[in-house]
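# A look at the structure
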Amino acid sequence: MNLPTAQAPTLAKTSDGRDFPVRRVFCVGRNYAAHAREMGRDPDREPPFYFAKWAETVVPSGSKVTYPPKTANYHYEAELVVAIGVGGRNISTESALEHVWGYATGLDMTRRDLQLEARGQGRPWSTGKNFEQSAPLGLIHPVSEVGHLAKGPIELTVNGETKQKGDLEELIWPVEDVIANRSTLYTLQPGDLIFTGTPAGVGPVVPGDVVKVTIEGLSDTVITIVPPEA
Ligand code: MN
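Within any chain, residue numbers begin from 1 and follow the written order of that chain's sequence. Local features in a predicted model are, by the rule used here, given only for residues with pLDDT of at least 70; side-chain atom pairs are given and counted only at 80 or more, and totals for whole chains, interfaces and linings are based on all residues. To get the side-chain values, take all heavy atoms of the structure and skip hydrogens and water.

Moving on to the pattern of salt bridges. Should a side-chain nitrogen of Lys or Arg be within 4 Å of a carboxyl oxygen of Asp or Glu, the pair is scored as a salt bridge. Under the criterion given, the structure shown has 11 salt bridges. In this structure, Lys129 engages Glu77 in a salt bridge whose closest nitrogen and oxygen atoms are separated by 3.1 Å. Here Lys129, found in helix α3 (residues 126-129), pairs with Glu77, found in the loop between β7 (74-76) and β8 (78-84); they are 52 residues apart in sequence, far enough to count as distant. Both residues of the pair, Lys129 and Glu77, belong to the buried class. One salt bridge connects Asp108 with Lys129, and the closest N-O pair in it is separated by 2.9 Å. Secondary structure elements follow DSSP: runs of H or I of four or more residues count as helices, runs of E of two or more count as strands, with numbering from the N terminus. Exposure categories follow from relative accessible area, calculated using a 1.4 Å probe and restricted to protein chains: below 20% of the type maximum is buried, above 50% is exposed, and the middle band is partly exposed.

See below:
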């Protein structure tokens, strides 16, 4: 048997047409109070936490995303994504934003039934969160173009109907706190992406649905859900 051929690293696109090599994908859980409550948790007592996805789960806006196997409750989660440009560890909150290359819209697609089953059994969330095409991503806009995003509307529509509507200023842990905290657990690397959490209003999609994430100042993420191949 031949050895597998090495695959090119996942490349995201920047707003000025360059390739952004994705290193790792980290996600923050329950970073908006209203979403923590809709998931049956108390945001005042449970700080946010992290899970991860493979870099190859990132797919560009405009993709046809295949309805994944082994789920009957496939959910969207609209998120602000931070693209890291400068690595480091034990980063202070005050200097954290100096590590940001840019920002994008994104989707933390979730097999909710598998996630909740794992949560109930005290097992890892991997099968619920980390699977093919589970991290659709818009163009990454450099800080030099859009500055830092601390407030502004974040919205998600399905087939044009608003399902999630929040504001970045509602983040329990804003971007600088997430970077500082995460850098105590991992050494931040250039190319890391951080999905910062989703506002309330998560829900299911089915094949044929068009899902759009909008954050003021950034390019949209738009995907179309397609049925699995027979
Ligand atoms: Mn999420």
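A word on the side chain of Thr71. Relative to the helices and strands, Thr71 resides in the loop between β6 (64-66) and β7. Separated by 2.6 Å, the side chains of Thr71 and Asp113 make a polar contact. Not counting the four nearest positions on each side in its chain, Thr71 is found in contact with Arg111 and Asp113. By the criterion applied in these results, polar contacts are pairs of N or O atoms within 3.5 Å in which, for protein atoms, one can donate a hydrogen and the other can accept it, and in which residues neighboring in sequence qualify only through two side-chain atoms. Throughout, a contact is declared for two residues whenever any of their heavy atoms are within 4.5 Å.

Our next topic: the nonpolar core. Judged by nonpolar contacts, the single largest core of 38 residues is most densely connected at Ile179, Val211 and Ile225. At the level of elements, β7, β8, β9 (100-107), β13 (153-158), α5 (175-185), β17 (210-215) and β18 (221-226) are the ones that each hand at least two residues to this core. Top contributing element to this core by residue count: β8, with four residues. Among residues more than four places away in sequence, those in contact with Ile179 are Val82, Ile84, Ile91, Ala96, Val100, Leu188 and Ile194. Put simply, buried Ala, Val, Leu, Ile, Met, Phe, Trp, Tyr and Cys residues joined by side-chain atoms within 4.5 Å make one nonpolar core.

Turning to the sheet that holds strand β10 (residues 110-111), a few remarks are in order. A sheet is described by the order of its strands in space; here three strands give the open sequence β10-β7-β16, paired in antiparallel fashion. Each edge of the sheet is formed by a strand with only one pairing partner; in this case those strands are β10 and β16 (203-204). Only strands that DSSP links by at least two bridges are regarded as paired with each other. Where β7 meets β16, two bridges bridge the pair, whose relative direction is antiparallel. Looking across to β16, one finds that His75 is bridged to Pro204.

Within the open sheet, the five strands sit side by side as β6-β18-β17-β13-β14. Their pairing is mixed. Here the strands that pair on one side only, and so sit at the sheet edges, are β6 and β14 (161-167). Strand-to-strand twist of the sheet, defined as the mean angle between neighbouring strand axes without regard to direction, takes the value 20°. Sheet analysis places β17 next to β18, joined by four bridges and oriented antiparallel. In the sheet register, Val213 faces β18, and the bridge partner there is Thr221. Only the stretch in contact is used when a helix axis is fitted, and all axes are lines through C-alpha atoms; the angle between N-to-C directions ranges over 0 to 180 degrees.

This brings us to the coordination of the manganese ion. The manganese ion binds to the protein through Glu77 (OE), Glu79 (OE) and Asp108 (OD), with metal-donor distances spanning 2.0 to 2.1 Å. Sequence spacing among the residues donating to the manganese ion works out to E-x1-E-x28-D. Of the two residues, Glu77 is situated in the loop between β7 and β8 and Asp108 in the loop between β9 and β10; the sequence distance between them amounts to 31 residues. Comparing Glu77 with Asp108 shows no difference in burial state: the two are buried. Note that water is not among the atoms considered, so a metal site may appear incomplete; the donors listed are N, O and S atoms within 2.8 Å of the metal, with 3.2 Å applied to Na, K and Ca.

When we look at a pair of aromatic rings, we describe it by the centre distance and by the angle of the planes. In summary, the pairing rule links any two rings of Phe, Tyr or Trp, Trp by its six-membered ring, whose centres are within 6.5 Å, and it sorts them by plane angle into stacked for under 30 degrees, edge-to-face for over 60 and tilted for everything else. Summed over the entire model, instances satisfying the criterion amount to six aromatic pairs. Here Phe20 and Trp101 contribute two aromatic rings whose centre-to-centre distance is 5.7 Å and whose plane-to-plane angle is 55°, an arrangement assigned as tilted. Of this pair, Phe20 sits in strand β2 (residues 19-21) while Trp101 sits in strand β9; the two residues are 81 residues apart in sequence, bridging distant segments of the chain. For Phe20, a relative accessible area of 6% gives the class buried. Residue classification places Trp101 among the partly exposed residues on the basis of a relative accessible area of 25%. The interplanar angle of 50° and the centroid separation of 5.6 Å between the aromatic rings of Phe51 and Trp125 together place this pair among those described as tilted. Placement of the pair is Phe51 in strand β4 (residues 49-53) and Trp125 in the loop between α2 (112-120) and α3, with a sequence separation of 74 residues. For Phe51, a relative accessible area of 12% translates into the label buried. By way of ring pairs, the aromatic residues Phe49, Phe51 and Trp125 are connected into one cluster. Charge-over-ring placement is defined geometrically: NZ (Lys) or CZ (Arg) within 6 Å of the ring centre, and within 35 degrees of the ring normal. Just above the ring of Phe131 sits the side chain of Lys53; from NZ or CZ to the centre is 6.0 Å. The cationic tip of Arg111 hangs over the ring face of Phe131; the distance from NZ or CZ to the ring centre is 4.4 Å.

Keep in mind that these numbers describe shape and distance, not what the molecule does.
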